[in-house]
Amino acid sequence: MDDRQARVNAWKHRILQRYLDDEQIGFYEPGDKRNVFYVRDQVVVPRSSFSSIGERLERYAAAGGRPRFGLPGITGQQAFAGLPGRVDVGGAVAVDLDRGKVADTVAFAADFGKSGLSLNHLVTGLQRRTGYPDGDPELPATPLPEMPEERSTKGSGVTVAIVDTGFPTPSSISDNLERAWFGYGVDYATQDGEVDDQGGPLQHIDLLDGPDRDSYLDAEAGHGLFIGGLVRRIAPGAKLLFLKALNSDGMGTELGVARAIDYAVQRGAKVINLSLGFYTLQDATPSGVAAAVEAAREEGCAVIGAAGNDGIDDPTYPAALEGVIGVGALDKDKTGKASFSNDGSWVNVFAPGDQVQSTYVVGREDRRITRDRNADEFVDTAVWSGTSFACGIVSGHIAANLSSGAGAGTAAAQAAGIIGRLGEFDSTARKLIPEYAFE
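Here the structure is a predicted model, which means the values were calculated and not measured.

What counts as what
- Residues numbered from 1 in each chain as written.
- Predicted model: local features only at pLDDT ≥ 70, side-chain atom pairs only at ≥ 80, totals over all residues.
- Heavy atoms only, no water.
- Helix = DSSP H or I, 4+ residues; strand = E, 2+ residues; numbered from the N terminus.
- Buried < 20%, exposed > 50% of the residue type's maximum accessible area, 1.4 Å probe, protein only.
- Contact = heavy atoms within 4.5 Å.
- Areas by Shrake-Rupley, 256 points an atom, 1.4 Å probe, with all protein chains shown as cover.
- Expected span 1.5 Å × (residues − 1).
- Salt bridge = Lys/Arg side-chain N within 4 Å of Asp/Glu carboxyl O.
- Pairing = 2+ DSSP bridges.
- Phe/Tyr/Trp six-rings, centres within 6.5 Å; stacked < 30°, edge-to-face > 60°.
- Core = buried A, V, L, I, M, F, W, Y, C linked by side-chain atoms within 4.5 Å.
- Axes fitted to C-alpha atoms, helices over the stretch in contact; angles between N-to-C directions.
- Parallel < 35°, antiparallel > 145°, perpendicular 65-115°, else oblique.

**Notes on the overall build of the protein chain**
Within the protein chain, the regular secondary structure consists of 10 helices and 23 strands. When each of the 439 residues of the protein chain is scored for burial, the buried share is 60%. A fraction of 77% describes how many contacts in the protein chain between residues 6 or more apart in sequence connect residues 24 or more apart. For the protein chain, the accessible surface area stands at approximately 16600 Å², while carbon and sulfur atoms represent 45% of it.

**Focus on helix H7 (residues 254–266)**
Taking 1.5 Å per residue, 13 residues should reach 18 Å; H7 reaches 19 Å between its end C-alpha atoms and fits that length. The buried count for H7 comes to 11 of 13 residues, which makes it a mostly enclosed element. For H7, the complete set of buried residues consists of Glu 254, Leu 255, Gly 256, Val 257, Ala 258, Arg 259, Ala 260, Ile 261, Asp 262, Tyr 263 and Ala 264. Phi for Gly 268, located one or two positions after H7, is positive at around 80°.

**A few points about the environment of Gly 326**
With respect to the secondary-structure elements, Gly 326 resides in strand S16 (residues 325–330). For Gly 326, a relative accessible area of 0% gives the class buried. With 17 residues separating them in the primary sequence, Gly 326 and Asp 343 have C-alpha atoms 9.5 Å apart. Excluding residues within four positions of it along the chain, Gly 326 makes contact with Gly 305, Ala 319, Trp 346, Val 347, Asn 348 and Val 349.

**Some details on the pattern of salt bridges**
Following the criterion strictly, the structure yields five salt bridges and no others. Here Arg 267 makes a salt bridge to Glu 194, at a shortest N to O gap of 2.8 Å. In this pair, Arg 267 sits in the loop between H7 and strand S13 (271–274) while Glu 194 sits in the loop between strand S9 (186–187) and strand S10 (205–206), placing the two residues 73 residues apart along the sequence. Taking relative accessible area as the criterion, Arg 267 reaches 15% and is therefore assigned buried. A salt bridge links Arg 233 to Glu 439; the shortest N-O distance between them is 3.1 Å. Of this pair, Arg 233 sits in helix H6 (residues 223–234) while Glu 439 is found in the segment after strand S23 (430–431), placing the two residues 206 residues apart along the sequence. By relative accessible area, Arg 233 is classed as buried at 12%. Connected via shared salt-bridge partners are Asp 187, Glu 194 and Arg 267.

**Examining the sheet that holds S9**
On the basis of which strands lie adjacent, the open sheet formed by nine strands has the order S9-S11-S7-S13-S15-S16-S17-S23-S22 and mixed pairing. In this open sheet, the two strands that pair with only one neighbour each are S9 and strand S22 (423–424). Pairing geometry for strand S15 (residues 302–306) and S16, over three bridges, is parallel. Looking across to S16, one finds that Ala 306 is bridged to Val 327.

**A look at the packing of aromatic side chains**
Applying the stated rule across the entire model yields 14 aromatic pairs. For the ring pair Tyr 60 and Phe 112, a centre distance of 6.3 Å and an interplane angle of 85° mean the geometry is edge-to-face. Separated by 52 residues along the polypeptide, Tyr 60 in the loop between helix H2 (47–58) and strand S3 (79–80) and Phe 112 in helix H3 (residues 105–112) bring together distant segments of the chain. Centroid distance Phe 226 to Phe 389: 4.5 Å. Interplanar angle 50°. Geometry classified as tilted. Remark: Phe 389 occurs in helix H9 (residues 387–401) and Phe 226 occurs in helix H6; sequence separation between them is 163 residues.

**Considerations on the nonpolar core**
Within the largest apolar cluster, 57 residues are counted, with the highest numbers of intra-cluster contacts made by Val 160, Phe 182, Ile 304, Val 394 and Ile 398. Examining the composition of this core, we find that eight residues originate from one element, H9, more than from any other. Contacts of Val 160, omitting those with residues within four sequence positions, involve Val 231, Ala 238, Lys 239, Leu 240, Leu 241, Val 271 and Ala 399. Grouped together as the second largest cluster of nonpolar side chains are 29 residues, Ala 264, Ile 272, Ala 292 and Tyr 317 included.

**Quick notes on the packing of H7 against helix H8 (residues 287–298)**
Two elements in contact, H7 and H8, have axes whose closest approach is 8 Å; the angle formed by their N-to-C orientations is 10°. When the axes of H7 and H8 are compared, the pair comes out roughly parallel. Contacts between H7 and H8 involve Glu 254, Val 257, Ala 258, Ile 261, Asp 262 and Val 265 from the former and Ser 287, Gly 288, Val 289, Ala 292, Val 293 and Ala 296 from the latter.

**Focus on the pairing of strand S6 (residues 118–125)**
Summarising burial for S6: eight of the eight residues are buried, a large majority. With three bridges connecting them, strand S2 (residues 36–46) and S6 associate as antiparallel partners. By the bridge assignment for S6, Tyr 38 is matched with His 121. By the bridge criterion, three bridges tie S6 to strand S12 (residues 251–253) in an arrangement that is antiparallel. Looking at the pairing, Val 123 lines up with Gly 252 of S12.

**Notes on the pairing of strand S21 (residues 381–384)**
On S21, burial covers both faces: Thr 381 and Val 383 on one face and Ala 382 and Trp 384 on the other are all buried. Relative to S21, strand S18 (residues 356–359) is paired through four bridges, and the arrangement is antiparallel. Its bridge partner lying in S21, Gln 357 is registered against Val 383.

Take a look at the structure:
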């Protein structure tokens, strides 16, 4: 492992330390360039496989179910067939394990791997803040462009689901952004059936200072709003649907992301933006997210995923799943690949991701977790880097170019064509330089 990757991994452990300390999550370090983080004592099984291995799993399941990943308001779950210790999410079933019978969740998952069973992976938002230790959001040199009074209709009739940290509270977004940028075509309301890990209504709100409550912006506070601003600037007529799957530290679970994808489909989204991801044990297909993406694709939804920021070519999920448009980041000059961007044959398109400017929340950084040791105070805009934001740009481009009145069932096929018409970046990927609807 080179020094750069060692710093990346050390940074991830620092951000995740409190979750590791209280044993909510575990990690597996195979000795190469990655870390695989997962929810302890829980595995995910495709419903199609459950009938064949359910009886065997019954021997290892916790009799009364164990507490699951304790991130407030992001992991919507419901009991499977009324049985304790199991959770049904779309096309997958999560099973809580009895720690007295299963000492090592990783070894257990590896033993069952051929049946499709996998870990319930920890998912993180993909920008340089978590993925690489030198990319805090920064104050911009210039303000955001003004939204014109007569808005472009690009993206009209298209719902873009941003599965991320959610939408900020009214006090955390400037009057200008709330009025001009997000005062129309935005939905973050809870609908019937959208439940959190306590069984209550799932609030799609970015708390900004959720897990630690130290009065500073958390590591990924405003991440979803930043992506929403990119989509809005390219496709002003699109409806933005904010669905919460990550907390303000940028942490969530595969199970929670799968659930949010299901919600996006139920709400008629044509484009689903997944600026988040994770690595898997032995690069195995992750059961929970794979089932949700397959169901979305069957409904014709275009699914776009960020490639990751570790500068490696290992598959990052869900971007590497079949049918997902995987997005890497271009460098600041928009000519080559950004040094931090993951790459590989599974990356379909590269878009600007280095020092991108977009909408941001009101708040102050904690200087202790910034590289430059400055506590920047934000009002309504920031400059940030990562494949997360390249992913948002691609989602906006697709939304702006879907044909008027296209049904959800045709969005996926149209999206593939939209990307296919872009100029070549390399032998396997295309390159997108976005056309903004207003400057």
